[in-house]
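Per-entry structural report
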Amino acid sequence: MGNSMVDWIKRDLKHNWHPYTQMKDCGEFPPILIEKARGVKLFDNKGNFYYDTISSWWCNVHGHNHPRIKKAIKIQLDRLEHVLFAGFTHKGVILLAEKLVSIAPKNLTRVFFSDNGSTAVETALKMSFQYWKNIGKKKKTKFVSFEDGYHGDTVGAMSVGGVDPFNKIFSPLVFSSFKAASPYCYRCPEGKEKTTCNIECIKSLEAILKAGHRGIAAVILEPMIMAAGGMIIYPAEYLKKAAALAKKYNVHLILDEVATGFGRTGKMFASEHARVEPDFMCLSKGLTAGYLPMGATLTTEKVYQAFYADYGKGKTFFHGHTFTANPIAASAALASLAVFKEENTLRKIKTLMPIFHKGLAKLKNLSIVGDVRCIGMIGAVELVKNKQTRKPFGLNERIGLKIYKEGLKRNIILRPLGNVIYLYLPLCIKEYELKFILAQTSCSLQSAGI
Ligand SMILES: Cc1ncc(COP(=O)(O)O)c(C=O)c1O
């Protein structure tokens, strides 16, 4: 077999089944063979480069091939690649738990490791569920989630997901959960505009909690931005109110920071925008700077103590994953947190954020752009067929795909989420790179031919 691009792609498509991909499309749009990556650039085997404008599915933080993270991984590999985390432990994960607790909201003191975002969410759901059983409130078994929320693709995580195109077909499989209206400002469930809004959309969550709190274990929410649901950025005030309601009605607040954690929104954790203290915080993606899979669910001493009992009393948390607390992943996570400090990452992006937000705001003038929204180093545009009526493009029009193709021609990745095109930038991005990406995004939107 030769070494040409075509041969490798043929071989890929012979056996590999790609995620979130209609494989029939791969005839026309074959996957791109990436050979190496440096900083924010991916290089294919033909010598083309692409800015990793979506941080390789929102996980890359400090850029690819970072010497500090690579070195930590190599050192760890020579010491210990993996050991089970029941009955055994290792220094890396001890240090990492200490570090996470030191930067997380103050009430979170306990860390349960797993191996991806979905498992971090499953852990929180199951812990919350069992917590209420362990303290004798057996009726608190239900969850409240959001119409546009997304928490992963395992069955429990899908049960609290609301993104219909992903989950609808699996609806007979999932457990039922209450669905609150999303704080979707551009398509406000209360018919308000940002200028006249008084967070009336909280009513939906409040009504559910008021009526059902005796049977509700937890509310699960992505703080500040519902990412996979369409990069729906909402006011910190909503998050504050949601947290206050959870407290008032004695239900847990699970904040899913899988996509938002580790600087994405301009703060280490998105919950900091509203200064809320959740009962559970789910982490993954940027936890290892996107180098290796790892998940973590942080919780409170109160939750932990409800499980702390003599063996055989039915209070043990029977949950775990083979690669829980993997030492190599832990070494990457520790190195990533060190890089945050050494490179002043959060301070650096503060100066880039206004350039980013201003540049993106200009796209509002384009005829197909209905809404522009940004937070931290995440920005999105919602495409509409008609600016006045806000009518969306139909699925079959595949507007996102057209723009994606235009983006690739211009060295950027504009992977669509329905009618939303977004940038989810690695935090190490430089000003000139940012400006290039903004200019190319604008050209791609204009060239999509509408
Ligand atoms: C908010 C949120 N939670 C959970 C997940 C699931 O993470 P994973 O794909 O690692 O299972 C995702 C993935 O995009 C996410 O955005």
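Residues numbered from 1 in each chain as written. Predicted model: local features only at pLDDT ≥ 70, side-chain atom pairs only at ≥ 80, totals over all residues. Heavy atoms only, no water.

**Considerations on the site of the ligand**
- In the vicinity of the ligand, the residues found are W58, N116, G117, S118, Y150, H151, G152, E222, D256, V258, A259 and K285.
- G117 is positioned with one of its backbone polar atoms (N or O) 2.8 Å from an oxygen atom of the ligand.
- The side chain of S118 places a nitrogen or oxygen atom 2.6 Å from an oxygen atom of the ligand.
- The fraction of the free accessible surface of the ligand (390 Å²) that becomes covered by protein chains is 82%.
- Grouping the amino acids of the shell around the ligand by side-chain chemistry returns four nonpolar, five polar and three charged. (Near = heavy atom within 4 Å. Polar contact = N/O pair within 3.5 Å; in protein donor to acceptor, adjacent residues only side chain to side chain. Areas by Shrake-Rupley, 256 points an atom, 1.4 Å probe, with all protein chains shown as cover. Nonpolar A, V, L, I, M, F, W, Y, C, P; charged D, E, K, R; others polar.)

**Some details on the environment of T141**
- Along the polypeptide, T141 turns up in the loop between α5 (117-134) and β5 (142-146).
- Once you skip the residues sitting within four places of it in the chain, T141 turns out to touch F129, K133, G215 and A217. (Helix = DSSP H or I, 4+ residues; strand = E, 2+ residues; numbered from the N terminus. Contact = heavy atoms within 4.5 Å.)

**Overview of unusual backbone geometry**
- One non-glycine residue, A289, lies in the positive phi region at around 60 degrees.
- Along the chain, A289 falls in the loop between β11 (280-283) and β12 (295-300).
- At R390, a position not held by glycine, the phi torsion is positive, near 65 degrees.
- When you line up the elements, R390 lands in the loop between β14 (378-386) and β15 (391-392).
- Assessed through its relative accessible area of 24%, R390 is described here as partly exposed. (Buried < 20%, exposed > 50% of the residue type's maximum accessible area, 1.4 Å probe, protein only.)

**Re the packing of helix α3 (residues 67-79) against helix α11 (residues 327-342)**
- Close contact between α3 and α11 brings their axes to 8 Å; oriented N to C, the two are set at 150 degrees. In terms of orientation, α3 lies roughly antiparallel with respect to α11. When the axes of α3 and α11 are compared, the crossing they make is right-handed. Here R68, I69, A72, I73, Q76 and L77 of α3 come into contact with α11, specifically with P327, I328, S331, A332, A335, S336, A338, V339 and E342. (Axes fitted to C-alpha atoms, helices over the stretch in contact; angles between N-to-C directions. Parallel < 35°, antiparallel > 145°, perpendicular 65-115°, else oblique. Left-handed = near helix turned anticlockwise from the far one by under 90°.)

**Quick notes on the nonpolar core**
- Membership of the largest hydrophobic core comes to 61 residues, with the highest contact counts inside it found for L100, F113, F262, M377, L383, I403 and L445.
- The element best represented in this core is α11, accounting for nine residues.
- If you count residues domain by domain, this core takes at least three from each of domain 1 (32-62 + 344-447) and domain 2 (69-342).
- If near-sequence neighbours (up to four positions away) are discounted, F113 is found in contact with V93, L96, A97, L100, M294, G295, A296, T324 and A325.
- Formed by 53 residues, the second largest nonpolar core is a distinct cluster that contains I199, I232, L239 and V384. (Core = buried A, V, L, I, M, F, W, Y, C linked by side-chain atoms within 4.5 Å. Domains from an automatic or database assignment.)

**Some points on the sheet that holds strand β3 (residues 49-51)**
- The three strands are arranged β1-β2-β3 in an open sheet whose pairing can be described as antiparallel. Looking along the sheet, the strands with just one partner apiece sit at the ends: β1 (34-38) and β3. Each strand of the sheet is rotated relative to its neighbour by a mean of 25 degrees, with strand direction disregarded.
- Sheet topology places strand β2 (residues 41-44) next to β3; three bridges connect them, and they run antiparallel. By the bridge assignment for β3, L42 is matched with Y50. (Pairing = 2+ DSSP bridges.)

**Focus: the confidence of the model for the protein**
- Taken residue by residue, the protein gives an average pLDDT of 96. The fraction at 70 or more is 98%.
- Ranking the helices and strands of the protein by mean pLDDT puts β11 first, with 99, and helix α7 (residues 164-167) last, with 81. (pLDDT = per-residue confidence, 0-100.)

**Let's talk about the pattern of salt bridges**
- Using the criterion set out here, one finds 14 salt bridges in the structure.
- With a shortest N-O distance of 3.3 Å, E193 and R390 are connected by a salt bridge. Taken together, the positions of E193 in the loop between β6 (178-180) and α8 (202-212) and R390 in the loop between β14 and β15 put the pair 197 residues apart, joining distant regions of the chain.
- In this structure E193 comes out as partly exposed when scored by relative accessible area, which is 38%.
- Where E382 meets R373, a salt bridge forms, and the shortest distance between an N and an O atom there is 2.9 Å.
- Several salt bridges converge on common partners, so that one network encompasses R187, D371, R373 and E382. (Salt bridge = Lys/Arg side-chain N within 4 Å of Asp/Glu carboxyl O.)

**A few points about empty space enclosed by the protein**
- Following the criterion strictly, the structure yields two cavities of 30 Å³ or more and no others.
- Here the largest cavity defines a volume of roughly 110 Å³.
- Around the largest cavity, the lining comprises 14 residues; the ones closest to its centre are C185, C188, K192, C197 and C201.
- Partitioned by chemical class, the residues of the lining of the largest cavity number nine nonpolar, no polar and five charged.
- Looking at the second largest cavity, its volume works out to about 40 Å³.
- Counted by class, the lining of the second largest cavity contains eight nonpolar, two polar and no charged residues. (1 Å grid on protein atoms, 1.4 Å probe; cavity = no way out; pocket = protein on both sides within 12 Å on 5 of 7 lines; lining within 4 Å. Points joined across faces, edges and corners; volume = space filled by probe spheres on them.)

**Details of the sheet that holds strand β7 (residues 216-221)**
- Pairing in this open sheet of seven strands is mixed, and the strands run β4-β12-β11-β10-β7-β5-β6 from one edge to the other. Where the open sheet ends on each side, the last strands, each with one partner, are β4 (108-114) and β6. On average, each strand axis in the sheet is inclined to that of its neighbour by 20 degrees, with strand direction left out of account.
- One ladder, built from three bridges, connects β5 with β7; its direction is parallel.

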